[in-house]
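Each chain, written out:
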Amino acid sequence: MDRKKIWLSSPHMGGEEQKFVKEAFDSNWVAPLGPNVDEFENEMSRYLNIKSAAALSSGTAAIHLALIMNGIKAGDDVICQSFTFSGSANPIAYQQARAVFIDSEEESWNMDPVLLEKAIKDRKKQTGKYPGAVIAVHLYGQSAKIDEIKAVCEKYKIPLIEDAAEALGASFGNRKLGTFGDIGILSFNGNKILTTSGGGMLVSDNDEFVRKARFLSTQARDNAPHYEHTQIGYNYRMSNVLAGIGRGQLKVLDKRVERKREIFDRYKKGLGRLKGISFQPELKGSYGNRWLTAAVLEPGAREEVRLELLKYNIESRPLWKPMHLQPVFKDCVRYVSGVSERLFKDGLCLPSDTKMTNGEQDEIIGIIKKMIRG
Ligand SMILES: *Cc1c(COP(=O)(O)O)cnc(C)c1O
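Our subject in this report is the structure included herewith. Just so we're clear, the structure is a prediction, and the values are computed from it rather than from any experiment.

We now examine the environment of A170. Residue placement: A170 occurs in the loop between β5 (160–163) and β6 (171–172). Of the residues examined, A170 reaches a relative accessible area of 0% and is grouped as buried. Note: C-alpha distance between A170 and G141 (29 residues apart in sequence) is 6.4 Å. Leaving out residues up to four positions away in the same chain, A170 has contacts with G141, K176, L177, Y287, G288 and N289.

Here is the structure:
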């Protein structure tokens with residue numbers, strides 16, 4: 001076949017990335033830290049309209065530090081959305097804390113605030129303590145019911161860690177996602193909407209969290225001429241070279257969001273009238289980034305469609321397998337309603353690459369149309 005592979009979502013450079021990377025080389029700031037890191041943090045803070053940000057080696061590292069800064073230790077309960085990528089939940093295990101998984105609601109496919117409150121009360125009854133933190137996710141760039149989730153967390157004085165790894169550029173009301181929690185986290189992994197090839201960020205209106213994140217992510221060096229350590233540190237900082245890529249990428253972020261939303265609209269227009277497919281809803285008042293167009297197909301059709309697309313060298317992917325179904329988390333407490341299991345069973349992420357042409361997308365729409373109920 002002549003056509004190149006169509007990816008789910010691949011890096012899409014804007015043009016200025018190499019300029020910033022070259023600056024790092026020309027000034028020999030080929031180091032962790034340096035002017036690109038400082039500027040990337042400043043530019044992202046301005047973009048999100050949040051006080052400050054710490055650039056890190058990954059989104060997973062950002063969640064890990066967020067747990068540490070909230071004092072999570074062995075045996076503590078940490079509540080986490082079940083319907084997510086494992087990067088949201090793994091840091092709970094790094095701390096030897098206990099993950100408590102919460103199912104999704106139907107309106108955004110994210111954490112159900114009613115189940116969240118039920119779980120908090122029940123854990124208090126079971127353990128005598130409230131959970132130490134809540135990790136809520138905006139899956140595929142769609143806003144969770146973040147006001148409700150935040151209200152529940154505030155009611156029980158539990159810190160909210162907002163996993164906006166997939167949701168950069170999206171908003172709820174007039175606020176960007178990632179700025180609602182006590183701490184927000186971002187990912188710049190290879191297929192995210194903004195990539196530094198690998199990286200992440202911790203953002204907060206609380207300067208103290210960000211200062212602490214910078215400290216812990218650079219091996220927790222105390223203020224002394226020799227290397228003095230009173231705390232265990234981590235090597236989690238972003239390099240100045242990669243921050244250069246991020247600065248270039250940030251300049252085209254809004255353009256990418258627009259294009260992702262256009263891709264979604266074209267799928268909806270081409271397939272939305274068919275009985276055999278439905279799409280991830282967008283919560284009223286929110287503006288998703290449609291990082292991946294996520295759909296649910298008629299029962300049994302998911303693998304057939306995925307394999308048929310693969311024959312044409314087109315990548316698609318099942319929706320995330322809920323964490324409470326993962327072998328590594330099989331013993332964890334869960335509060336489930338069946339929503340995420342149902343979505344996982346028949347759900348497929350359609351190719352959402354911003355470099356895909358309209359012609360290529362029409363080809364995909366044509367293939368799917370032939371395979372599902374009209
Ligand atoms: C990608 C992702 C992460 C982890 O980010 P990395 O930079 O890959 O470590 C966490 N949560 C969600 C929902 C993600 O999609």
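Take the site of the ligand next. Every one of the 15 residues lining the ligand counts as a neighbour, but T60, D163, E166, S187 and K192 are closest to it. A distance of 3.1 Å separates an oxygen atom of the ligand from a polar atom in the side chain of N189. K192 places a side-chain nitrogen or oxygen 3.1 Å from an oxygen atom of the ligand. Summarising the interface, the protein chains cover 94% of the accessible area of the ligand, which totals 380 Å² for the free molecule. Partitioning the shell around the ligand into residue classes produces three nonpolar, nine polar and three charged.

Attention shifts here to the nonpolar core. With 61 residues, the main nonpolar core has M44, I79, Y140, L168, L186, F188 and M201 as its most contacted residues. In terms of residues, this core owes the most to one element, helix α2 (residues 35–48), which gives five residues. When residues of this core are assigned to domains, at least three map to each of domain 1 (17–250) and domain 2 (253–373). Excluding anything up to four places from it in sequence, Y140 contacts E166, Q280, N289, R290, W291, L292, A294, L319, W320 and C349. Core analysis: the second largest hydrophobic core is formed by 36 residues, C80, I92, A99 and A133 among them.

With respect to topology, four strands assemble into an open sheet ordered β10-β12-β15-β13, the strand pairing being antiparallel. Bordering the open sheet on either side are β10 (277–279) and β13 (317–318), each of which pairs with just one other strand. In the packing of helix α11 (residues 339–346) onto the sheet, the strands contacted are β12 (293–297) and β15 (347–350), and the crossing angle to β15 comes to about 60°.

Strand pairing in a sheet relies on backbone hydrogen bonds. The paired strands run either parallel or antiparallel. With antiparallel pairing, the three strands of this open sheet are ordered in space as β7-β6-β11. Looking at the sheet topology across the chains shown, the edges are occupied by β7 (175–176) and β11 (286–287). Pairing of β6 with β11, which is carried by two bridges, proceeds in the antiparallel orientation. Bridging from a neighbouring strand, S171 pairs with Y287 of β11.

Another aspect to go through is the side chain of T84. Summarising the element assignment, T84 is placed in the loop between β2 (77–81) and α4 (90–94). Within the local environment of T84, its side chain forms a polar contact with the side chain of S88, the two groups lying 2.7 Å apart.

We now examine the environment of Q249. Along the chain, the position of Q249 falls in helix α8 (residues 240–251). Here the alpha-carbon distance between Q249 and L115, two residues 134 residues apart in the chain, equals 37 Å. Ignoring sequence-local partners within four residues, the contact set of Q249 consists of H12, M13, G14, E17, I193, L194 and T195.

Glancing now at the pairing of strand β8 (residues 183–187). Burial of β8 is extensive: five of the five residues sit out of reach of the surface. The side-chain alternation of β8 yields two buried faces, one formed by I183, I185 and S187 and the other by G184 and L186. The sheet contact formed by β5 and β8 spans three bridges and is parallel. By the bridge assignment, D163 is partnered in β8 with I185. By the bridge criterion, four bridges tie β8 to strand β9 (residues 200–204) in an arrangement that is antiparallel.

As a further point, take unusual backbone geometry. Backbone geometry places A220, a non-glycine residue, at a positive phi of 50°. If you trace the backbone, A220 turns up in the loop between α7 (207–216) and α8. Classification of A220 by relative accessible area gives buried; the value is 0%.

This brings us to the pattern of salt bridges. According to the stated counting rule, one finds 26 salt bridges in the structure shown. Note that E16 is salt-bridged to K19, the shortest N-O span being 3.2 Å. Given the relative accessible area of 32%, E16 is considered partly exposed. For K19, a relative accessible area of 41% corresponds to the partly exposed category. Ionic pairing is found between E208 and R211, a salt bridge with its closest N-O pair at 2.6 Å. With E208 and R211 both in helix α7 and three residues apart, the pair spans about one turn of that helix. Here the salt bridges do not stand alone but share partners, grouping E41, R214 and R237 into one network.

Thresholds, definitions, all that
- Residues numbered from 1 in each chain as written.
- Predicted model: local features only at pLDDT ≥ 70, side-chain atom pairs only at ≥ 80, totals over all residues.
- Heavy atoms only, no water.
- Helix = DSSP H or I, 4+ residues; strand = E, 2+ residues; numbered from the N terminus.
- Buried < 20%, exposed > 50% of the residue type's maximum accessible area, 1.4 Å probe, protein only.
- Contact = heavy atoms within 4.5 Å.
- Near = heavy atom within 4 Å.
- Polar contact = N/O pair within 3.5 Å; in protein donor to acceptor, adjacent residues only side chain to side chain.
- Areas by Shrake-Rupley, 256 points an atom, 1.4 Å probe, with all protein chains shown as cover.
- Nonpolar A, V, L, I, M, F, W, Y, C, P; charged D, E, K, R; others polar.
- Core = buried A, V, L, I, M, F, W, Y, C linked by side-chain atoms within 4.5 Å.
- Domains from an automatic or database assignment.
- Pairing = 2+ DSSP bridges.
- Axes fitted to C-alpha atoms, helices over the stretch in contact; angles between N-to-C directions.
- Salt bridge = Lys/Arg side-chain N within 4 Å of Asp/Glu carboxyl O.

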